Amino acid sequence: QVQLVESGGGLVQAGGSLRLSCAASGRTFSNYVMGWLRQAPGKEREFVARITWSGRTTYYADSVKGRFTISRDNAKNTVYLQMNSLKPEDTAVYYCAAGPGGAEPVRYNYWGQGTQVTVSS
């Protein structure tokens, strides 16, 4: 079992930045691909970014590529999502997830409770 707790969400103006953190506990954190996914009101949960266990390989949704950066610190059991140049369409609940990894939510076995990100225009 892996427990995930997100933090760092909030309200920011368009063009601003936020850094999300996800602290993991339980089973070996470094065994898992870590991902960030988001869900806007009335929309399905969608992939944002993921990072392999080594941290050497990252993947991003086209909508965030060049603006968001995912990273992890296995010594601290923490994964981060640096979000720059935020847009109103980035407004969503952001979830941290762990699992075999992929672009589909079903590829993740463990989920955090989510943190709200709101970008005002």
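Please refer to the structure higher up on the page.
Since the model is a prediction, treat every value here as computed from it, not as a measurement.

Undergrad: Kindly report on the overall build of the protein chain, identifying the contributing residues and their values.
TA: Tallying secondary structure elements over the protein chain gives zero helices and eleven strands in all. Reading the secondary structure of the protein chain in the N-to-C direction produces β-β-β-β-β-β-β-β-β-β-β. Relative to the 2.2 N^0.38 estimate, which gives 14 Å for 121 residues, the radius of gyration of the protein chain is 13 Å and therefore close to what a compact globule would have. Along the first, second and third principal axes, the C-alpha set of the protein chain runs to 40 × 25 × 25 Å. Split into buried and exposed, the 121 residues of the protein chain put 45% on the buried side. When the accessible surface of the protein chain is summed, it comes to about 6,200 Å², and 46% of that surface belongs to carbon and sulfur atoms. Each charge class in the protein chain can be summarised by its mean position, and for the 13 positive and 8 negative side chains these summaries are 7 Å apart.

Undergrad: Which residues make up the nonpolar core, and what are the values?
TA: With 35 residues, the main nonpolar core has Leu-4, Met-34, Trp-36, Val-79, Leu-81, Met-83 and Tyr-94 as its most contacted residues. Contributions of two or more residues to this core are made by β1 (2-7), β3 (18-26), β4 (33-39), β5 (46-51), β7 (68-73), β8 (78-83), β9 (92-99) and β11 (115-120). Among the elements that line this core, the one with the most residues is β9, at five residues. Contacts of Leu-81, omitting those with residues within four sequence positions, involve Leu-18, Arg-19, Leu-20, Trp-36, Val-48, Ala-49, Phe-68, Thr-69, Ile-70 and Tyr-94.

Undergrad: Any chance you could break down the environment of Gln-116 for me, citing the residues and the numbers?
TA: Tracing the chain through its elements places Gln-116 in strand β11. Judged by relative accessible area, which is 40%, Gln-116 ranks as partly exposed. C-alpha separation for the pair Gln-116 and Pro-105, spaced eleven residues apart in sequence, amounts to 18 Å. Here Gln-116 is in contact with Gly-9, Gly-10, Thr-91, Ala-92 and Val-93, once residues within four sequence places are set aside. Among the polar contacts listed, one links the side chain of Gln-116 to the backbone oxygen of Ala-92, at a separation of 3.4 Å. A polar side-chain atom of Gln-116 sits 3.3 Å from a polar atom in the side chain of Thr-118.

Undergrad: Any details on the pattern of salt bridges? Residues and values, ideally.
TA: This structure, assessed with the given rule, holds four salt bridges. Its salt-bridge partner being Glu-46, residue Arg-38 comes within 2.6 Å of it at the nearest N-O pair. We classify Arg-38 as buried; its relative accessible area is 6%. Using a relative accessible area of 36% as the deciding quantity, one classes Glu-46 as partly exposed. A network of salt bridges, in which partner residues are shared, links Arg-38, Glu-46, Arg-67 and Asp-90.

Undergrad: How would you sum up the packing of aromatic side chains? Please name residues and give values.
TA: Counted according to the given criterion, the structure contains three aromatic pairs. Where Tyr-32 meets Tyr-110, the ring centres are 5.8 Å apart and the plane angle is 85°; that geometry is what we call edge-to-face. A residue pair is termed long-range when its members are at least 10 positions apart, and Tyr-32 in the loop between β3 and β4 and Tyr-110 in strand β10 (residues 110-111) qualify at 78 residues. Both rings, one in Tyr-95 and one in Trp-111, keep their centres 6.2 Å apart while their planes meet at 80°; by these two values the pair is edge-to-face. Here the residue Tyr-95 occupies a position in strand β9, and Trp-111 occupies one in strand β10, the gap between them amounting to 16 residues. Under the relative-accessibility criterion, Tyr-95 is labelled buried at 14%. Overall, the relative accessible area of 27% leaves Trp-111 in the partly exposed class. Here the aromatic residues Tyr-95, Tyr-108 and Trp-111 are joined through ring pairs into a cluster of three or more.

What counts, and where the lines are drawn
- Counting restarts for each chain: residues are numbered from 1 in the order of the written sequence.
- Owing to the predicted nature of the model, reporting of local features is limited to residues with pLDDT of at least 70; listing and counting of side-chain atom pairs is limited to 80 or more, with chain, interface and lining totals taken over all residues.
- Here the side-chain values reflect all heavy atoms present in the structure, with hydrogen atoms and water set aside.
- Each helix is a run of DSSP H or I of at least 4 residues and each strand a run of E of at least 2, with the numbering of both proceeding from the N terminus.
- We take the radius of gyration over the C-alpha atoms and set the globule estimate at 2.2 Å times the residue count to the 0.38 power.
- Think of it in three bands: with a 1.4 Å probe and only protein chains considered, a residue is buried below 20% of the maximum accessible area for its type, exposed above 50%, and partly exposed in between.
- Using a 1.4 Å probe, accessible areas were evaluated by the Shrake-Rupley method; residue-level cover was limited to the displayed protein chains.
- His is not counted here, nor are the chain ends, while Lys and Arg score as positive and Asp and Glu score as negative.
- Every charge is mapped to an atom, namely NZ of Lys, CZ of Arg, CG of Asp or CD of Glu.
- We define a nonpolar core as any set of buried Ala, Val, Leu, Ile, Met, Phe, Trp, Tyr and Cys residues linked to one another through side-chain atoms lying within 4.5 Å.
- Only heavy atoms enter the contact rule, under which two residues are in contact if any of them lie within 4.5 Å.
- Polar contact is the term for a pair of N or O atoms within 3.5 Å; when the atoms are in protein, one must be able to donate a hydrogen and the other to accept it, and sequence-neighboring residues count only if both atoms are side-chain atoms.
- By definition, a salt bridge exists where a carboxyl oxygen of Asp or Glu is found within 4 Å of a side-chain nitrogen of Lys or Arg.
- Stacked, tilted and edge-to-face pairs are distinguished by plane angle, under 30 degrees for stacked and over 60 for edge-to-face with tilted covering the rest, among Phe, Tyr and Trp rings (Trp via its six-membered ring) whose centres lie within 6.5 Å.

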